[in-house]
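# Structural features, examined
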Amino acid sequence: MHPRRPTVVYVHGIGNKVRPELLKSQWDQALFGRDMAGASRMAYWAALRYEKPLPDFRPDPLDGGPVAHAESAGAAAETMTEMKESGRAAESGLFADPEEFVALTVSESWRECGAVGLEGRGGEDRAGPDGERAAVEGALVDWLRDMTYLAETLGSAETGGDAEEEDDGALPLELLPLPRPVRTAVFRELARHTFRDVHAYFFGGAGPAIRGVVAKALDGLDGGPLVVVGHSLGSVVAYEVLRERGQEVELLVTVGSPLAITEVQDQLARPPAVPEGVLAWRNASDLRDLVALDHTLRPEFGPPERITDLLVTNDSGNHHGIGPYLSQPPVREPVQRIFDHLA
């Protein structure tokens, strides 16, 4: 039995979040079914990107919740009308042609980052704004385009029972009770926020500060077994920090992670590999999660015997929500065993 208690450090994903104490409690409940008090920490970096947190107990819109769980067809239609008429929907291209949506999202991301440089990740051939933009458009934009067209596919396949849209050939996927344009917009909103935050992390100068938040959460531990859980972009940040530090980690868990995407791997500060101190790595994703378009870290991240790639079911509105990931037995049980056995 280990003489010191285990600790779990959470690294949240894209978009704004509720206040850190509440967010930590939500993750605790999903993973352990109880509040873990000082045995868990939240590396909360949302404050670096957003002026104030989401209101308490407001469903995270990037879980697909507020739109995806409309209670009736009438409410869904009203939601669609409001979304279409809103300035945000028009500016973001949520209902635009796919290529127009991609172009608007890329333009929006560049406006956010302004003239901030590539954080030293690009070579001399990428120097200057034109070179930087070409580098992005040759890499991450391909990923954005793939996410966008998968959003179209999911929006069409998850039929929601609309009489005028019923299709006997539709895929047997979890249904969202919404008209097709709104279902597609749910997935597009996820793609849009994912690209914006990933772009800001790699190309907008936000990376060092975000990694600093994670590094601080990993400091000052008592030497007991350490579990690190990263979701979405948080998995990329956790990975890069651990790759740099070489800190011993009993178990690294990544869920809904884009780390298997070639365009993301191309932007990492170091070549893909299991961080030196990580003893075991479990990577879980849902086949319908458009952020995790590639679901296997092996063999790119070696040694492969330390990694277990898992396919799980995430029935949140956009199949990317953190709660359903953490509650899956293949995700939560290995973490709980460490706490039960070593605490």
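Residues numbered from 1 in each chain as written. Predicted model: local features only at pLDDT ≥ 70, side-chain atom pairs only at ≥ 80, totals over all residues. Heavy atoms only, no water.

### Re the packing of aromatic side chains
Here a ring pair, both rings aromatic, is described through the centre-centre distance and the interplanar angle of the planes. Applying the stated criterion to the full structure yields 7 aromatic pairs. Judged by centre distance (5.5 Å) and plane angle (80 degrees), the rings of Trp-281 and Phe-301 are edge-to-face. One end of the pair, Trp-281, is in strand 5 (residues 281-285); the other, Phe-301, is in the loop between strand 5 and strand 6 (307-311), with 20 residues separating them in the sequence. Here the aromatic residues Tyr-201, Phe-202 and Phe-203 are joined through ring pairs into a cluster of three or more. (Phe/Tyr/Trp six-rings, centres within 6.5 Å; stacked < 30°, edge-to-face > 60°. Helix = DSSP H or I, 4+ residues; strand = E, 2+ residues; numbered from the N terminus.)

### Overview of the packing of helix 9 (residues 207-218) against helix 10 (residues 233-245)
Interaxial distance between helix 9 and helix 10 falls to 9 Å at its minimum, and their mutual angle equals 65 degrees. As helix 9 packs across helix 10, the resulting crossing turns out to be right-handed. Where helix 9 abuts helix 10, its residues Ile-210, Arg-211, Val-214, Ala-215 and Leu-218 lie against Val-237, Ala-238, Glu-240, Val-241, Leu-242 and Arg-245. Classifying every residue of the contact of helix 9 with helix 10 by side-chain character gives 8 nonpolar, no polar and 3 charged. (Axes fitted to C-alpha atoms, helices over the stretch in contact; angles between N-to-C directions. Left-handed = near helix turned anticlockwise from the far one by under 90°. Contact = heavy atoms within 4.5 Å. Nonpolar A, V, L, I, M, F, W, Y, C, P; charged D, E, K, R; others polar.)

### Some remarks on the side chain of Thr-105
Structurally, the position occupied by Thr-105 is in helix 5 (residues 98-113). Within the structure, Thr-105 has its side chain in polar contact with the backbone oxygen of Phe-101 (distance 2.8 Å). (Polar contact = N/O pair within 3.5 Å; in protein donor to acceptor, adjacent residues only side chain to side chain.)

### A short note on the nonpolar core
Ranked by internal contacts, the top residues of the largest apolar core, which has 57 residues, are Phe-202 and Trp-281. For this core, the elements supplying multiple residues, two or more each, are strand 1 (7-11), helix 5, helix 7 (140-157), helix 8 (180-203), helix 9, strand 3 (226-231) and helix 10. Ranked by residue count, the leading element in this core is helix 8, at 9 residues. Counting 31 residues, the second largest nonpolar core, distinct from the first, contains Leu-22, Val-331, Val-335 and Phe-339. (Core = buried A, V, L, I, M, F, W, Y, C linked by side-chain atoms within 4.5 Å. Buried < 20%, exposed > 50% of the residue type's maximum accessible area, 1.4 Å probe, protein only.)

### With respect to the packing of helix 5 against helix 7
Between helix 5 and helix 7, the shortest axis-to-axis distance is 10 Å and the interhelical angle comes to 135 degrees. When the axes of helix 5 and helix 7 are compared, the pair comes out oblique. The handedness of the crossing between helix 5 and helix 7 comes out as right-handed. Taken together, the residues of helix 7 that come into contact with helix 5 (itself represented by Pro-98, Glu-99, Phe-101, Val-102, Thr-105 and Val-106) are Val-141, Leu-144, Arg-145, Thr-148, Tyr-149 and Glu-152. (Parallel < 35°, antiparallel > 145°, perpendicular 65-115°, else oblique.)

### Looking at helix 9
The end-to-end C-alpha separation of helix 9 is 17 Å, in line with the 16 Å expected for 12 residues at 1.5 Å each. Considered for burial, the residues of helix 9 that qualify are Gly-207, Ile-210, Arg-211, Val-214, Ala-215, Ala-217 and Leu-218. In an axial view of helix 9, the angular spread of the buried residues amounts to 160 degrees, which keeps them on one side of the axis. Within two residues after helix 9, Gly-220 carries a phi angle of roughly 70 degrees, on the positive side. (Expected span 1.5 Å × (residues − 1). Arc of directions from axis to C-beta.)

### Describing the pairing of strand 1
Counting buried residues along strand 1, 5 of its 5 residues qualify, which places the element largely inside the surrounding structure. Neither face of strand 1 is exposed, since Thr-7, Val-9 and Val-11 on one face and Val-8 and Tyr-10 on the opposite face are all buried. Here strand 1 pairs with strand 3 via 5 bridges, running parallel. Within strand 3, the residue paired with Val-8 across the bridge is Val-227. Examined bridge by bridge, strand 1 and strand 2 (residues 40-43) share 4 bridges and lie parallel to one another. (Pairing = 2+ DSSP bridges.)

### Observations concerning the environment of Trp-45
Here Trp-45 is to be found in the loop between strand 2 and helix 2 (65-68). For the pair formed by Trp-45 and Asn-16, sequence separation is 29 residues and the distance between their alpha carbons is 9.2 Å. Apart from the residues within four sequence positions on either side, Trp-45 is in contact with Val-11, His-12, Gly-13, Ile-14, Asp-197, Ile-210, Val-213 and Leu-233. Among the polar contacts made by the side chain of Trp-45, one reaches the main-chain carbonyl oxygen of His-12 at a distance of 3.0 Å.

### Structural notes on unusual backbone geometry
Leave glycine aside and you will find that most residues have negative phi; peptide bonds, for their part, are mostly trans. Looking along the chain, the bond that leaves Arg-298 and enters Pro-299 is cis, with omega of 0 degrees. Relative to the assigned elements, Pro-299 resides in the loop between strand 5 and strand 6. A cis geometry characterises the amide bond from Gly-302 onward to Pro-303, with omega recorded as -5 degrees. If you trace the backbone, Pro-303 turns up in the loop between strand 5 and strand 6. Unusually for a residue other than glycine, His-319 sits at a positive phi of about 65 degrees. Position of His-319 relative to the elements: it lies in the loop between strand 6 and helix 12 (322-326).

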